[in-house]
Amino acid sequence: MPDLFSPFTLKSVTVRNRIAMSPMTMYRSVDGKMSDFHVMLLGSRAAGGFGLVFPEQIAIQPDGRTSTGCAGIWDDGQKDSLQRVVRIIKDMGAVPAIQLGHTGRRGSEMKPWHGKTQLPASDPDGWQVRGPSPIPHGRRYTLPVQELSVAEIKEIHQAYADAARRAFECGFEWLEMHFAHGYLGASFFSPLGNQRADAYGGSREKRLRFHREALDAVRAIWPAHLPLTMRLGSDDFNEHGIQFDDAVWAIGQLKQHGLDFADISLGMNTDDMKNVPFDQIGFMVDRAARVRQEVGLPVGVSWNLGIPAVADRIVRQGLVDIVFLGRPALANPHWPLWAARELAHADPYSLIPEDWAWWIRSRRGPEGSLGWPPVQTAADAK
Ligand SMILES: Cc1cc2nc3c(=O)[nH]c(=O)nc-3n(C[C@H](O)[C@H](O)[C@H](O)COP(=O)(O)O)c2cc1C
């Protein structure tokens, strides 16, 4: 029975443990390019033992960013900065993963700490947002939405394929399509965002067409031996939105189109979400486990899983294959090493780069002086 520290193999890729740094938008890019900040952020998490490391959502088109401070991959000129990030993640022993996305009607945002609001197209940092239907998301997201034409949808699918090609050229080994959190893909699947009367709207089959075609476009480019995955908005927590049963069905459909893994998250297609247990530990785990069981695909999940014993238990119980950590990865770059100590792993320092671990193991100093509270493990006792 695997535990949190067991390797996980999908296609030709082996991740050294079951711990992923979840994608997190940092609003620190310029012209869509990453910088020393991202090399530091992602390199330190890879060095801290995370097995799979995602930079933030990477936009496939300029208007697919959350803000003008967000990263992109719509231009070959952006590849250098992504390659730097890939290099450090690999050097530190982790698998470099990329999340491709388009923010749709939720783009054109101000940096959250400047005020969580959308900027109009007239602002130098704003743009005309686009979506399946001319329906603003609501509350904080009030900008008028331009309905995408079928030709524009095809352009977006081509942009996904071009982005996948660049991602492979950069050296990424795991590709996730971001179809959750109220962004473009999620809003196509949700009746709350999609009220089209053409082939892309109406029944759930039609509302999933955007996903199927995007997946087909990427599958045709992304090598068959590398994992192709999706973060799916699986529940809008609103009676008029995506219901979880529909998401289970959708993942079954997408499996037939070459999906290798599902990362189960929230739909967030409205700010009028009802009874989301945001304070509850692991509140999306049961949903992910159901997909794993009923669809027969490996799954990942995030949301409040930063307690090591919980993260370990859900892997041991066969509920999920990979635990995605967002805020815990921001809070503690060495979360995997810390968790290994907490869980009495036989050799916690085996989670960090070998040379670095050698110094710590062989130059220990007095008990407790390494900066960790003393936990006695089998290797510590040697
Ligand atoms: C600062 C921040 C930025 C985020 N940006 C993204 C993103 O770019 N793509 C995405 O899919 N989720 C994003 N998320 C959601 C996280 O990936 C994760 O799913 C969520 O925080 C729940 O996991 P946690 O409880 O471990 O934080 C973001 C979360 C945070 C805190």
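Residues numbered from 1 in each chain as written. Predicted model: local features only at pLDDT ≥ 70, side-chain atom pairs only at ≥ 80, totals over all residues.

### Some words on the overall build of the protein chain
Here is step 1: Check the secondary structure of the protein chain and you find 13 helices and 13 strands.
Here is step 2: At 21 Å, the protein chain has a C-alpha radius of gyration in line with the 21 Å of a compact globule built from 382 residues.
Here is step 3: Taken over the C-alpha atoms alone, the protein chain extends approximately 70 × 45 × 40 Å along its principal axes.
Here is step 4: Across the 382 residues in the protein chain, those meeting the buried criterion constitute 51%.
Here is step 5: Long-range pairs, those at least 24 residues apart, make up 73% of the contacts in the protein chain with a sequence separation of at least 6. (Helix = DSSP H or I, 4+ residues; strand = E, 2+ residues; numbered from the N terminus. Rg over C-alpha atoms; globule rule 2.2 N^0.38 Å. Buried ≥ 20, exposed ≤ 12 C-beta atoms within 10 Å, placed from the backbone. Contact = placed C-beta atoms within 7 Å.)

### Looking at the site of the ligand
Here is step 1: As a matter of local geometry, the ligand sits amid 22 residues, with Ser22, Gln57, Ser302, Gly326 and Arg327 nearest to it.
Here is step 2: For the shell around the ligand, the secondary-structure elements that each account for two or more residues are strand S13 (322–325) and helix H10 (327–331). (Near = placed C-beta within 6 Å.)

### With respect to the confidence of the model for the protein chain
Here is step 1: For the protein chain, per-residue confidence averages 96 on the pLDDT scale, and 98% of positions sit at 70 or higher.
Here is step 2: When pLDDT is averaged over each helix and strand of the protein chain, the minimum, 56, is found for helix H13 (residues 378–381) and the maximum, 99, for strand S3 (residues 19–21). (pLDDT = per-residue confidence, 0-100.)

### Describing the packing of helix H3 (residues 150–170) against helix H6 (residues 209–219)
Here is step 1: Two elements in contact, H3 and H6, have axes separated by 8 Å at closest approach and are oriented at 35°. Considering only the axes of H3 and H6, their crossing is right-handed. For the pair H3 and H6, the contacting residues are Ile153, His157, Gln158, Tyr160, Ala161 and Ala164 in the first and Phe210, Glu213, Ala214, Ala217 and Val218 in the second.
Here is step 2: Considered class by class, the residues forming the contact of H3 with H6 number 8 nonpolar, 2 polar and 1 charged. (Axes fitted to C-alpha atoms, helices over the stretch in contact; angles between N-to-C directions. Left-handed = near helix turned anticlockwise from the far one by under 90°. Nonpolar A, V, L, I, M, F, W, Y, C, P; charged D, E, K, R; others polar.)

### Some words on the pairing of strand S10 (residues 228–233)
Here is step 1: Most of S10 is tucked away: 6 of the 6 residues are buried.
Here is step 2: A two-sided burial pattern is seen for S10, the buried positions comprising Leu228, Met230 and Leu232 on one face and Thr229, Arg231 and Gly233 on the other.
Here is step 3: Bridge count for strand S9 (residues 174–179) against S10 is 5 bridges, and the pairing is parallel. Each bridged residue has a counterpart across the sheet, and for methionine 177 the counterpart in S10 is methionine 230.
Here is step 4: Where S10 lies against strand S11 (residues 261–265), 5 bridges are found, and the strand directions are parallel. The partner of methionine 230 across the bridge, within S11, is alanine 262.
Here is step 5: With helix H7 (residues 244–256) bridging S10 and its parallel neighbour S11, the resulting β-α-β unit is right-handed. (Pairing = 2+ DSSP bridges. Right-handed = clockwise from strand over helix to strand, strands pointing away.)

### A closer look at unusual backbone geometry
Here is step 1: Its identity as a non-glycine residue notwithstanding, serine 108 has a phi of 60°, on the positive side.
Here is step 2: Position of serine 108 relative to the elements: it lies in the loop between strand S6 (95–101) and strand S7 (130–131).

### Side note on the pairing of S6
Here is step 1: Among the 7 residues that make up S6, 7 are buried, leaving the element largely enclosed by the rest of the structure.
Here is step 2: A two-sided burial pattern is seen for S6, the buried positions comprising Val95, Ala97, Gln99 and Gly101 on one face and Pro96, Ile98 and Leu100 on the other.
Here is step 3: Both strand S5 (residues 57–59) and S6 contribute to a ladder of 3 bridges, which runs parallel. Bridging from a neighbouring strand, alanine 59 pairs with glycine 101 of S6.
Here is step 4: Once the chain exits S5 it traverses helix H2 (residues 79–91) before rejoining the sheet at S6, and the crossover so formed is right-handed.
Here is step 5: In this structure, S6 lies alongside S9, joined through 4 bridges in parallel fashion. The residue bridging leucine 100 from the neighbouring strand is methionine 177, located in S9.

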